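Letter by letter, the chains look like this.
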Amino acid sequence: MRTKLVVGNWKMSPTSREGAALVEAFIKQVDYLWDVDIVVCPPYVAIPRVRELVKDTQVKLGAQDVFWEDSGAFTGKVSARMLSEFCCDYCIVGHSEARGRFGGYEPPIGTREYFSETDETVNRKIKALLYYSISPILCVGETKPERSVGETEKVVERQVRGALAGVDPSELYTFVVAYEPVWAIGTGDTCDPGEAERVCAFIRGVVAGVADQDLAESVRILYGGSVKPENARELFGQANIDGGLVGGASLDADGFARIVMSA
Ligand code: PEP
């Protein structure tokens, strides 16, 4: 039996002070919910303050990205070694925005080329996180043009296999996958729950192929893409959807608490 998991991705939205206020208001509402795993992923600069606030609660801390080297001349980067010092239990990798594949949001002209995650960099990041016992949350998903030519399975399989290349399956028991169709991120255009279930079941099959059936049964597969309090229950009720990765709606303490309650 897989415990449901709901992850809030705050992206580059709250400052440290705003993030502290958000998580305080949120914790008050979910304080009694111990049968669901909850993670918030603040921007790096908000991690120290949020960590103090979640320390003795059931809310776990995650980061939004990581660099694979431990330390060195990599200006602006943050390593898994650094995240482990702040007790980050989870870290998002391969988010479509980091891969330069935006959903409803068009980045300002001239900024898209700064987002250049590839399957190879995702793979390096996953290995670095596992070394420090931080659970990777691997984001995979197709763009609208890819879906329209029937390439959804091909894309997500390539992303999962690329991310896990050379990783020992015995290290993957806390690994999480988030199926995030790019066209559904930040657009309000949620994937039909039956279709999200179909792709999540397909991803579970790919994990079984890369590792084994036991691992595939225990790995949590989330859905992400315009999850809201109104649609969370139906999405999370699907057999192969073990919770959600929530962007915009995680910035509202009440709404995010309602989404967690749906799980
Ligand atoms: C996300 O950023 O991972 C995401 C799913 O965003 P939203 O919920 O806003 O679509």
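In the block above lies the structure referred to throughout.
Because the structure is predicted, anything quoted here is derived from the model rather than measured.

**Student:** Give a description of the packing of helix α1 (residues 16–30) against helix α2 (residues 47–54) that names residues and reports values.
**Tutor:** Remark: α1 packs on α2, axes separated minimally by 9 Å, with the N-to-C direction vectors making an angle of 20°. On the basis of the axis angle, α1 is roughly parallel to α2. In the crossing of α1 with α2, the sense of the turn from one axis to the other is right-handed. Here S16, R17, G19, A20, V23, E24 and I27 of α1 lie close against α2, whose contacting residues are R49, V50, L53 and V54. Residue composition of the contact of α1 with α2, by class: 6 nonpolar, 2 polar and 3 charged.

**Student:** Go over the layout of surface pockets with me, naming the residues and quoting the values.
**Tutor:** Computed from the structure, the largest pocket encloses a volume of approximately 1300 Å³. Counting only elements with at least two residues in the lining of the largest pocket, the list comes to α4 (119–131) and β8 (243–246). In terms of residue class, the lining of the largest pocket is built from 23 nonpolar, 17 polar and 8 charged.

**Student:** Break down the sheet that holds strand β4 (residues 90–93) for me, citing the residues and quoting the values.
**Tutor:** A barrel is described by the order of its strands in space; here 8 strands give the closed sequence β1-β2-β3-β4-β5-β6-β7-β8, paired in parallel fashion. When the angles between neighbouring strand axes are averaged without regard to direction, this sheet yields 25°. Bridge count for strand β3 (residues 59–63) against β4 is 2 bridges, and the pairing is parallel. Bridge pairing in β4 links G62 to Y90. Set on the sheet, helix α6 (residues 152–164) makes contact with β5 (135–140) and β6 (176–179); between it and β5 the angle comes to about 155°.

**Student:** Explain the packing of aromatic side chains residue by residue, including any values.
**Tutor:** For the structure shown, the criterion picks out 6 aromatic pairs. Aromatic pair Y131 and Y132: ring centres 5.1 Å apart, planes at 75°, arrangement edge-to-face. Using a relative accessible area of 63% as the deciding quantity, one classes Y131 as exposed. Aromatic rings pair up to connect F67, W68 and F74 into one cluster.

**Student:** I'd love a proper account of the site of the ligand, names of residues and values included.
**Tutor:** Close to the ligand lie 14 residues, the nearest being K11, E180, G186, S226 and G247. Here an oxygen atom of the ligand sits 3.4 Å away from a polar atom, N or O, in the side chain of N9. A distance of 2.6 Å separates an oxygen atom of the ligand from a polar side-chain atom of K11. Alone, the ligand offers 290 Å² of accessible surface; in the complex the protein occludes 95% of this. Taken atom by atom, the bulk of the ligand overlaps the largest pocket. Taken together, the residues that form the shell around the ligand break down as 4 nonpolar, 8 polar and 2 charged.

**Student:** Would you mind going over the pattern of salt bridges in detail, with residue names and values included?
**Tutor:** Two side chains that carry opposite charge are able to pair once their charged atoms sit near each other. One pass over the full model with this rule turns up 20 salt bridges. A salt bridge links D119 to R99, with the nearest nitrogen and oxygen atoms 2.9 Å apart. Here the residue D119 occupies a position in helix α4, and R99 occupies one in the loop between β4 and α4, the gap between them amounting to 20 residues. Linked through salt bridges whose partners overlap, the residues forming this network are E142, R147, E153, E195 and R198.

**Student:** Residue-level account of the environment of D31, with values.
**Tutor:** In this structure, D31 sits in the loop between α1 and β2 (37–41). In this structure D31 comes out as partly exposed when scored by relative accessible area, which is 44%.

Procedures and definitions
Residues numbered from 1 in each chain as written. Predicted model: local features only at pLDDT ≥ 70, side-chain atom pairs only at ≥ 80, totals over all residues. Heavy atoms only, no water. Axes fitted to C-alpha atoms, helices over the stretch in contact; angles between N-to-C directions. Helix = DSSP H or I, 4+ residues; strand = E, 2+ residues; numbered from the N terminus. Parallel < 35°, antiparallel > 145°, perpendicular 65-115°, else oblique. Left-handed = near helix turned anticlockwise from the far one by under 90°. Contact = heavy atoms within 4.5 Å. Nonpolar A, V, L, I, M, F, W, Y, C, P; charged D, E, K, R; others polar. 1 Å grid on protein atoms, 1.4 Å probe; cavity = no way out; pocket = protein on both sides within 12 Å on 5 of 7 lines; lining within 4 Å. Points joined across faces, edges and corners; volume = space filled by probe spheres on them. Pairing = 2+ DSSP bridges. Phe/Tyr/Trp six-rings, centres within 6.5 Å; stacked < 30°, edge-to-face > 60°. Buried < 20%, exposed > 50% of the residue type's maximum accessible area, 1.4 Å probe, protein only. Near = heavy atom within 4 Å. Polar contact = N/O pair within 3.5 Å; in protein donor to acceptor, adjacent residues only side chain to side chain. Areas by Shrake-Rupley, 256 points an atom, 1.4 Å probe, with all protein chains shown as cover. Sits in = over half its atoms within 2 Å of the grid points. Salt bridge = Lys/Arg side-chain N within 4 Å of Asp/Glu carboxyl O.

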